[in-house]
Each structure stands twice: as structure tokens, then as C-alpha cells.
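The primary structure of each chain is shown beneath.
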Amino acid sequence: GENLETVKLYISVPGVQSTRMGDPGTAVPEGEDWDELAIMVEYTSPSTKRLLKTISKTDFETLPSLDAEGKIKIISLDVEEGEVYIYGVTYTSSASQSPKSVIGDWVNNGKKISELTISNAYAGGDMAKFVSVATGFYDLDDLGNHTGTRQTYSIKSITDPNFSNTIPTIILTRLAAKIDIQWDAADAYEAGYTDVKVTGFTYKGTKYGRLFPNIASSNYSAEKQDWTFYNTLEISQRNGRVYHYTFPDGTYIDGTATAAGVTVPSVTFNISATQNGTTTTNKPYTMNFKKALQKATWYKVNATIKGITGSGTITLSMDNTGVQTGE
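Summarised in this report is the structure supplied together with it.

The rules behind these values
- Residues numbered from 1 in each chain as written.
- Predicted model: local features only at pLDDT ≥ 70, side-chain atom pairs only at ≥ 80, totals over all residues.
- Heavy atoms only, no water.
- Buried < 20%, exposed > 50% of the residue type's maximum accessible area, 1.4 Å probe, protein only.
- Helix = DSSP H or I, 4+ residues; strand = E, 2+ residues; numbered from the N terminus.
- Pairing = 2+ DSSP bridges.
- Polar contact = N/O pair within 3.5 Å; in protein donor to acceptor, adjacent residues only side chain to side chain.
- Contact = heavy atoms within 4.5 Å.
- Core = buried A, V, L, I, M, F, W, Y, C linked by side-chain atoms within 4.5 Å.

### Quick look at the pairing of strand 7 (residues 134-137)
Here strand 7 shows no split at all, with Ala134 and Gly136 on one side and Thr135 and Phe137 on the other all buried. Sheet topology note: the strand 5 (residues 82-91)/strand 7 ladder contains 4 bridges and is antiparallel. Pairing of tyrosine 87 across the sheet is with phenylalanine 137, part of strand 7. By the bridge criterion, 2 bridges tie strand 7 to strand 10 (residues 173-174) in an arrangement that is antiparallel. When the sheet's bridge partners are listed, alanine 134 is paired in strand 10 with arginine 174.

Written out as C-alpha cells, the structure is:
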């Protein structure tokens, strides 16, 4: 029975991206393999008042565009007046462990936005779909600057003396972070080792990431999970590369955790080698990240294997100034 206002919304989603120039390897193409966009409107009072609008990718592509390239689409929403937060998510609705159900919990069952998760087994190993998940929210301040922190938008009647014709803009960015590890065992052979092999890796992360990892939650506790990769190709065991994509479960800003239960991941190598007739099998070396992973970020690690001595623990730097404590 409330009067509805028509609000226009500008929204941008990630497009097709190619591998970075100068990068020596290849990765999963970062395309647009999603079929549904969820627009989520949450009122500040009462916080239980919520609106969900889903748009198919086909319909999204036919929406009017703000720009000539069609990168910024214009969506019209009929909504009640009030102070609101606005969120957006792209995903494949039919994919295994799709976030469609947890978004339904948000609108129907009062689940907090900070508690919405997405499985790191989403889409059953279909990495094109995995990297096409994108999220974002309205974050413009009074000066029109993107703050990275969600902001409220005032929906008012055009007859209200405080009415503003400012159109809210939401930029969705890819949710997954990329772990990119390249290794070379040539130095170990020069040090007298033979048959040097990297036989496998274990990424120690979480079972689920958050749809909005930079929105804090006071009662969130990440469920840890190891993701193991076996390296069976002989040539790759001496000199190779592996990629792993993951959804972060929280972020750090200025060294302080903004989300309770945030996870700082690590990667464990298993190295085998022979020296002076003695073979050491699957000796573990763990590379520890210094901070939680950020969404839509590419973490490149170059590992040079010089032998199988030392403590087996390496602290990685986020800014090329970290301290290496293993070798």
C-alpha cells in the first residue's frame, strides 16, 4: 500500500579480460560466464525490509546503456521511500552450490548481508564460471567518490524538498583471488642435488568465502579446508606453474582485520630430492601469506628451489619487502 518511487541505477559488471601483457603463462579466461544478476536493496529502518530483483544476463545485455561501449547499464527499480543499501551479485543460477539460495535466505529469512557465503567448490571445478562471480555495493560519498565502504542512498519522492536527482552507481568486481605459483629447481641441481621434484601442493584456505568480504560480521567463523593438488607430470615437477582460484572470506585494511574470523592462508610444497645417494621424499615447505587475500587480486609467487635444508617455513610479502625464513 506504500507509494512507490522509480529509481534509476547505474551498474557496471566485469567484462572479458585477457592475460596480462608480459605474463609468461596462461590462465583461465576471465570472461562473462554468468546467467543471473541479483540487485539487493536493504532498508536501514526497518532492516527487515528488503527487495530482491533478479535479471537474466540476456535481459541485462538489452538494457539501455549510459556509455557508447555499453559497459554501464541503466536499471529502473520501483521502490518505497527510505534510506537503503544497494548490493549486486552475478552468478550462474544452475551451477552447483550457487549463491542463489543464500541470497534467498537474505531476502526471505532475514540473514545478514555480512553472513552471506559462497562455496569454494562453486560450479564443480568450472573455473570460467568461478571467476565470473562478481559482487559490489553502493559506496559513493557526498562528493561522489567511491569509498570501498557501503553507503546509504536516500530514496525520496520527487515532491520532497530534499529530493536529489543523483543516480546511484554500483561497480561490481570479480570476487575470486588468483594464487599463481611458479617454481624452478635448476639451482638445486647446481648444488649437487638430483631428481628434484615438486610432487604436490596444498592450499590451506577455507570451505567458503564471503559474497561481500569487506563487510564485517561479529559472529562469523570460517570453516577451514585444505585443497590438495598432485603434480604428476615429470617435466612440471622440475619447472612448472600452478594456479588456484579462491573466494576470500574477509579483508585486512592497514594491518587490522575488518572481519571476525578472517583467514590468512598458506601454501605447502612437497619436494623430493636425492643428495649423496640419500633420497628425501615429500619434504614440506610452507609459504605463509602475511595478510588475508583481497578480492579480484592476482598473487604471483616465484619459487626458486635451492635444496631441501632449512626450517621449511617462508613468509611471503604483499609488497616485495617480506622476510624469507626458509630455503
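### A word on the side chain of threonine 206
In this structure, threonine 206 sits in strand 12 (residues 194-206). According to the relative accessible area criterion, threonine 206 is buried, its value standing at 4%. Only 2.8 Å separates the side chain of threonine 206 from the backbone oxygen of tyrosine 208, close enough to count as a polar contact. The contacts of threonine 206, once residues within four sequence positions are left out, are Asn120, Ala222, Glu223, Lys224, Gln225, Trp227, Phe247, Asp249 and Thr263.

### Digging into the nonpolar core
Ranked by size, the top nonpolar core spans 28 residues in total, and within it Ile181, Trp183 and Phe269 carry the most contacts. When contributions to this core are tallied by element, the ones reaching two or more residues are strand 11 (177-184), strand 12, strand 18 (266-275), strand 19 (278-288) and strand 20 (298-304). Excluding anything up to four places from it in sequence, phenylalanine 269 contacts Ile181, Trp183, Val198, Gly200, Phe201, Lys283, Pro284, Tyr285, Met287 and Ala303. Membership of the second largest hydrophobic core comes to 25 residues, among which are Met40, Ile103, Ile118 and Tyr122.

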